[in-house]
Amino acid sequence: MKLKIISEETLQDLRVNFTAYCNHYYTQDNNWFEQYFQEEGRVIETTIDFEMPELCYGEEYAKSDKENVKHIYSSLRHLTIVQATQERLWSGLAHLQFRDFSYYRLSKELVTKNDKRINTALFFKNGAKRSLFVHILARLWWVGYMTYDEENMDNPYWLTDFFCEKDFSARSTVFFSSNFTSNKDITIGILRALIKLKENGLEIKRDHFVQATKYLNVIGGAMVLDMLSVDEVEEMVTKHLKKLFNLEGIEGNMTLVK
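Our subject in this report is the structure included herewith. (Residues numbered from 1 in each chain as written. Predicted model: local features only at pLDDT ≥ 70, side-chain atom pairs only at ≥ 80, totals over all residues. Heavy atoms only, no water.)

Here we take up the overall build of the protein. Within the protein, the secondary structure is distributed over 15 helices and two strands. For 258 residues, the compact-globule formula gives about 18 Å, and the C-alpha radius of gyration of the protein, at 20 Å, lands near that figure. Looking at the protein residue by residue over its 258 residues, the buried ones come to 53%. For the protein, the accessible area works out to roughly 12800 Å², and carbon and sulfur atoms hold 48% of it. With 32 positive and 37 negative side-chain charges, the protein shows a separation of 5 Å between the mean positions of the two kinds. (Helix = DSSP H or I, 4+ residues; strand = E, 2+ residues; numbered from the N terminus. Rg over C-alpha atoms; globule rule 2.2 N^0.38 Å. Buried < 20%, exposed > 50% of the residue type's maximum accessible area, 1.4 Å probe, protein only. Areas by Shrake-Rupley, 256 points an atom, 1.4 Å probe, with all protein chains shown as cover. Lys, Arg positive; Asp, Glu negative; His and termini not counted. Charge placed at Lys NZ, Arg CZ, Asp CG, Glu CD.)

Structural data, given as structure tokens:
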């Protein structure tokens, strides 16, 4: 099938008139949505090939989010960066092909009528970059993109498994809010450093992600981070976190098992 998005006029109508339409979201009124999107000009069929993935709908989001990162990114891996930043694409998917997933992932919010979260989950309400990691579909693709390790042929999602093992929503918004984490080499270097420490006995918490990004943010004022290789980032972050958290007893040449 071809990927479908919504028109800019449709996007703005749904955003601006959400309070008029909100009951259709609360009641999961598919008949209303089908009629709404049948109106001429509301939906645009692109030339992008698309195969609908089989998503996980488990009771525990901690488990389903991790698997759905892989499913969404694998299905839409051929998107360009420019395409993947488009609100019309992700909002369109959330209302069209992935509407059932939207109901599932927002089940509590729809029952409690949490309009603020429903809006941030379906539309870009948090600024251009942060929205990519708050929107319920966009964040799955972007976490997949940023953690996919093409060099690991046996399991390119090994970093994804680590990143998504807990605190997925919080980690996504906190970790990827820094400008330099848009660079995949830096992201992969940080994640490898954290995995290395974990495999040597450290329980990785949110603060370790925060401190790693803070450190690079500081040194970014003295050097061009984009010039660093994955290995250089990994070594620098490992040394910094070992010193910061009094882990000097851990061997410097730790073996990282991918």
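Attention now moves to the pattern of salt bridges. For the structure shown, the criterion picks out 16 salt bridges. Across the pair lysine 2 and aspartate 49 runs a salt bridge whose closest N-O atoms are separated by 2.5 Å. Taken together, the residues span a long stretch of sequence, with lysine 2 in strand β1 (residues 2-6) and aspartate 49 in strand β2 (residues 43-49) at a distance of 47 residues. Looking at lysine 2, the relative accessible area reads 31%, which means it is partly exposed. Between glutamate 235 and lysine 239 there is a salt bridge whose closest N-O contact spans 3.1 Å. In this pair, glutamate 235 and lysine 239 both sit in helix α15 (residues 230-244), four residues apart, roughly one turn of the helix. Overlapping salt bridges bring together Asp149, Glu151, Arg192 and Asp231 as one network. (Salt bridge = Lys/Arg side-chain N within 4 Å of Asp/Glu carboxyl O.)

The subject of this paragraph is α15. With 15 residues, α15 should reach 21 Å at 1.5 Å per residue; the first-to-last C-alpha distance of 21 Å fits that figure. Every buried residue belonging to α15 is among Val230, Val233, Glu234, Met236, Val237, Thr238, Leu241 and Lys242, and all of these are buried. Summarising the contacts, the buried residues of α15 are in contact with α13 (184-199) and α14 (206-219). (Expected span 1.5 Å × (residues − 1). Contact = heavy atoms within 4.5 Å.)

The next thing to look at is the packing of helix α2 (residues 18-26) against helix α3 (residues 30-38). The contact between α2 and α3 brings their axes to 8 Å, and the two run at 130°. Our classification of the angle between α2 and α3 gives oblique. Residue-level inspection shows Tyr21, His24 and Tyr25 of α2 in contact with α3, the latter providing Trp32, Phe33 and Tyr36. Classifying every residue of the contact of α2 with α3 gives five nonpolar, one polar and no charged. (Axes fitted to C-alpha atoms, helices over the stretch in contact; angles between N-to-C directions. Parallel < 35°, antiparallel > 145°, perpendicular 65-115°, else oblique. Nonpolar A, V, L, I, M, F, W, Y, C, P; charged D, E, K, R; others polar.)

As a further point, take the packing of aromatic side chains. In this structure the tally under the stated criterion is 29 aromatic pairs. Summarising the aromatic geometry, the rings of tyrosine 25 and phenylalanine 33 are spaced 5.1 Å apart at their centres and angled 75° between planes, so their arrangement reads as edge-to-face. In this pair, the class of tyrosine 25 matches that of phenylalanine 33, namely buried. With 5.0 Å between their ring centres and 70° between their planes, phenylalanine 175 and phenylalanine 176 make a pair best called edge-to-face. The same class applies to phenylalanine 175 and to phenylalanine 176, which are both buried. (Phe/Tyr/Trp six-rings, centres within 6.5 Å; stacked < 30°, edge-to-face > 60°.)

What follows covers unusual backbone geometry. Note: most residues except glycine have negative phi, and most peptide bonds are trans. Within the chain, lysine 113 stands out as a residue other than glycine whose phi angle is a positive 60°. Not every positive phi belongs to a glycine, and aspartate 167 is a case in point at roughly 50°. Note that aspartate 167 resides in the loop between α11 (158-163) and α12 (168-175).

Let us look at the nonpolar core. Of all hydrophobic cores here, the largest spans 82 residues; its most connected members are Tyr25, Leu76, Trp90, Leu137, Trp141, Ile190 and Leu216. Considering every element that reaches this core, the biggest residue donor is α13, with eight residues. (Core = buried A, V, L, I, M, F, W, Y, C linked by side-chain atoms within 4.5 Å.)

According to the stated counting rule, one finds one cavity of 30 Å³ or more in the structure shown. Considered as a void within the structure, the largest cavity measures approximately 80 Å³ in volume. Along its surface, the largest cavity is lined by Tyr25, Phe33, Ala94, His95, Arg99, Ser102, Tyr103, Leu106, Leu110, Ile118 and Leu122. Element by element, the count of residues in the lining of the largest cavity is highest for helix α6 (residues 99-105), at three residues. For the lining of the largest cavity, the residue count by class is eight nonpolar, two polar and one charged. (1 Å grid on protein atoms, 1.4 Å probe; cavity = no way out; pocket = protein on both sides within 12 Å on 5 of 7 lines; lining within 4 Å. Points joined across faces, edges and corners; volume = space filled by probe spheres on them.)

As a packed pair, helix α10 (residues 138-147) and α12 sit with axes 11 Å apart at the nearest point and diverge in direction by 70°. Our classification of the angle between α10 and α12 gives roughly perpendicular. Both α10 and α12 take part in a crossing whose hand is left-handed. In this structure, α10 uses Arg139, Leu140 and Val143 to contact α12, whose residues at the interface are Phe168, Ser169 and Ser172. Classifying every residue of the contact of α10 with α12 gives three nonpolar, two polar and one charged. (Left-handed = near helix turned anticlockwise from the far one by under 90°.)

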